[in-house]
2 protein chains.
Amino acid sequence: MNIVVDAMGGDFAPHEIVKGALKAAQEYKIGITLVGKKEILHLLTAKHKKGLDITIVDSPDVIGDEENPIEAAAKKPNASIPMGIRLVKDGKADGFVSAGSTGAVFFSSYMILGKIEGVDRPAIATIIHLNPTSPFLLIDCGANPNCKPKHLLQFAQMGNVYVREVFSLKSPRIALLNNGEEEKKGNQLSKDTYPILKNSGLNFVGNLEAQFLSRGKADVIVTDGFTGNVVLKTIEGLGDAFLYLRNIGQIFARGESNTDTNEENRSSIWKRLDFQEAGGASLVGLNGNVIISHGRSQAKAIKNAIATAKRAAEHNVVELIKKVDFSEPAEASTGNSES
Amino acid sequence: MNIVVDAMGGDFAPHEIVKGALKAAQEYKIGITLVGKKEILHLLTAKHKKGLDITIVDSPDVIGDEENPIEAAAKKPNASIPMGIRLVKDGKADGFVSAGSTGAVFFSSYMILGKIEGVDRPAIATIIHLNPTSPFLLIDCGANPNCKPKHLLQFAQMGNVYVREVFSLKSPRIALLNNGEEEKKGNQLSKDTYPILKNSGLNFVGNLEAQFLSRGKADVIVTDGFTGNVVLKTIEGLGDAFLYLRNIGQIFARGESNTDTNEENRSSIWKRLDFQEAGGASLVGLNGNVIISHGRSQAKAIKNAIATAKRAAEHNVVELIKKVDFSEPAEASTGNSES
């Protein structure tokens, strides 16, 4: 198992990225390939890589967050992002993790790895751990702001495979994010998507309202990339806000600081609010295993994103998504869309 | 000042509704009209109404949550919801509060009060207090799942008046909820709406991503009713989840229970997560002041919703929205849509 890590991407690159990668190599006992400026990477890893399976691949270019991602991905083949993805394409690595420009990772992956046959729109899928006992996969989290029902069906099909394998569930419960529970509720897209999911052969459990996201009612929650992005960022923003308020509270509240160092309590509440604990987002629908980590990722977030890449690789998620029959059902009422 | 309260609506009606209404009458020194089954209401208020301005209006019917709201609103003119709204229509009260069926309140209000001239779509507007120093108004929170850019412009215009008056801001900052900051980002609706808001004459501060909702960057956040509903419910669901986890944490964590009774700490964090602290949602664009309170409202939530109704009445929000010029600008590039 070897996971390639873009050492140059993200607000805390390269230091925190390298730190997280080294931790992952040690903890998960996997090989890590760091792509980036070799001088810096040798310097940062020299003291710590002993006994670990660390490879350094030099990339002379970097794609900045301020660059147009499509242009940059096309014009800088020797930047860390495309170089890392090519290692996956060439079978030299089992996954790629980057905290760099989401757009650049998405377009580079699209161009280098290509779409899986039958998939119209690759999507961004994020595992959300709000519920301690029942995480769920939210798909699409932002790749496709405008969607048609057939795209949402494909997201459901891909999410189904992902969760079935990674969570080891026989028949994942698929729900459609909506503003009401009843079949006829929603905007035009969700109204049109409902019957297609109902007849998809998937274990469709109906509409899910956002207040029940963390209630363990579904394993895959399907939505368009605009809504999914807004939901993901609302959760992230609330996490930030409350972690901030908590810190303020800690300063003013007597005795609070004692409690907050209580690791048991931390893990039961605050960890779920902290995106650094999440494992990044998976690009699904491409011929390769790619994980986008948050731009603000520090070592912990990178280590967790590497864990996500490792799990997807171990469970062969990409190959299994290739086996899905994405052809549109001849009739919505009889369609069984998974082979 | 007299606010009508639907004593029969909501999961905790009539006991909690009456309790909240009595508290509001006492605390805000306003008149309260309770609409509902008079025998029960006399019984519930008998011991507590001394010195308070409480009126009881008998309504023989109730609209249940399970009923079709349009049919029920039409067929039961003597249910508490339509009777209460008629008191507002007839000038006998300054606002109406209900924790009953949102659909029934919306349709009854629509039929009895009518739309303000020029408004295409009445909307649901909710003040969100996540940021201790900078609340914002989210509009639309669910009345209109499918919107056109002109509807979002009207939401912005109505939200502008609401916030200008209620928050006493000279020039509220209006933002468009989007999945990116740049002008060209978003789904088709947000891309098409951006230039219209930019040329609206309003203080449009651009796109706002959902992770910054609580950062005090805007006073009015405009979105379609599908997305707004999902955002509102995501916040509500997270609040529930973390209040639940906190209670679990309290049981297991040593010393935690001491800290949690610390009122200062509670108010700094947990109160912001609790929808009972919020003040309900305002219907805007109708010829009357109507507040929808959460179906799970207990006394505190009802008292807070009455406070919202009182503030809107004091600031004459409905009359001021009537003065807005809702005619579509002849050219988007020169339009100044507020008189």
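Everything here concerns the structure above.
Residues numbered from 1 in each chain as written. Chains lettered and ligands numbered in written order. Predicted model: local features only at pLDDT ≥ 70, side-chain atom pairs only at ≥ 80, totals over all residues.

Caption draft 1: Local environment of the pairing of strand β7 (residues 174-177) of chain A. Residue and element names in this part refer to chain A. The alternating pattern of β7 places I174 and L176 and A175 and L177 on opposite faces, both of which are buried. Pairing analysis gives four bridges linking β7 to strand β8 (residues 204-208), with the strands arranged parallel. Bridge assignment links A175 to a residue of β8, and that residue is G206. Of the crossover connections in this fold, the one passing from β7 over helix α7 (residues 188-198) to the parallel β8 is right-handed. (Buried ≥ 20, exposed ≤ 12 C-beta atoms within 10 Å, placed from the backbone. Helix = DSSP H or I, 4+ residues; strand = E, 2+ residues; numbered from the N terminus. Pairing = 2+ DSSP bridges. Right-handed = clockwise from strand over helix to strand, strands pointing away.)

Caption draft 2: Representation of the sheet that holds strand β3 (residues 54-58) of chain A. All names here are of chain A. Strand order in the open sheet formed by eleven strands is β3-β2-β1-β4-β11-β10-β5-β6-β9-β7-β8, and the pairing between neighbours is mixed. Taken across any chain shown, the strands that pair with only one partner, and hence form the sheet edges, are β3 and β8. Sheet twist, expressed as the mean angle between neighbouring strand axes with direction ignored, is 25°. One ladder, built from three bridges, connects strand β4 (residues 95-98) with strand β11 (residues 290-292); its direction is parallel. What sits directly across from V97, in β11, is I291. Across the sheet, helix α11 (residues 299-314) is in contact with β1 (2-6), β4, β10 (281-284) and β11; its angle to β4 comes to roughly 160°. (Axes fitted to C-alpha atoms, helices over the stretch in contact; angles between N-to-C directions. Contact = placed C-beta atoms within 7 Å.)

Caption draft 3: View of the packing of helix α4 (residues 80-89) of chain B against helix α5 (residues 102-113) of chain B. Residues and elements named next belong to chain B. Close contact between α4 and α5 brings their axes to 9 Å; oriented N to C, the two are set at 40°. For the element pair α4 / α5, the angle class is oblique. The handedness of the crossing between α4 and α5 comes out as right-handed. Between α4 and α5, the residues in contact are I81, P82, I85, R86, V88 and K89 and A104, V105, S108, S109, I112 and L113, respectively. Of the residues that constitute the contact of α4 with α5, the class distribution is eight nonpolar, two polar and two charged. (Parallel < 35°, antiparallel > 145°, perpendicular 65-115°, else oblique. Left-handed = near helix turned anticlockwise from the far one by under 90°. Nonpolar A, V, L, I, M, F, W, Y, C, P; charged D, E, K, R; others polar.)

Caption draft 4: Focus on the sheet that holds strand β6 (residues 136-139) of chain B. Residue and element names in this part refer to chain B. Read from one edge of the open sheet, eleven strands run β3-β2-β1-β4-β11-β10-β5-β6-β9-β7-β8, paired in mixed fashion. Strands at the two margins of the open sheet, each flanked by one partner only, are β3 (54-58) and β8 (204-209). Across this sheet, the average inter-strand angle for adjacent strands is 25°, counted without regard to direction. Contacts from helix α11 (residues 299-314) reach β1 (2-6), β4 (95-98), β10 (281-284) and β11 (290-292) within the one sheet, and its direction differs from that of β4 by about 160°.

Caption draft 5: Spatial organisation of the pairing of β8(B). Inspection of the sheet shows strand β7 (residues 174-178) of chain B paired to β8(B) by five bridges, in the parallel sense. Paired with I174(B) across the bridge in β8(B) is F204(B).

Caption draft 6: Representation of the nonpolar core in the model. Of all hydrophobic cores here, the largest spans 206 residues; its most connected members are V5(A), A21(A), V5(B) and A21(B). If near-sequence neighbours (up to four positions away) are discounted, V5(B) is found in contact with I17(B), A21(B), I32(B), T33(B), L34(B), V97(B), I302(B) and I306(B). (Core = buried A, V, L, I, M, F, W, Y, C linked by C-beta atoms within 7 Å.)

Caption draft 7: Representation of unusual backbone geometry in the model. For the bond running from I139(A) to D140(A), omega is 10°, close enough to zero to count as cis. In this structure, D140(A) sits in the loop between β6 (136-139) and α6 (149-166). Between A13(B) and the following residue, P14(B), the backbone shows a cis peptide bond with an omega angle of -5°. By secondary structure assignment, the location of P14(B) is in the loop between β1 and α1 (15-28). One non-glycine residue with positive phi stands out, namely S168(A), at about 55°. Positionally, S168(A) belongs in the loop between α6 and β7. For S168(A), a count of 8 C-beta atoms within 10 Å translates into the label exposed. Not every positive phi belongs to a glycine, and N316(B) is a case in point at roughly 60°.

Caption draft 8: The packing of α1(B) against α11(B), seen in detail. All names here are of chain B. Interhelical geometry of α1 versus α11 gives an angle of 50° and a closest axis separation of 7 Å. When the axes of α1 and α11 are compared, the pair comes out oblique. Once α1 is placed against α11, the crossing between them reads as right-handed. Of the residues in α11, those touching α1 at E16, I17, K19, G20, A21, K23, A24 and Y28 are A299, K300, A301, I302, K303, I306, A307 and K310. Its residues assigned to classes, the contact of α1 with α11 comprises nine nonpolar, one polar and six charged.

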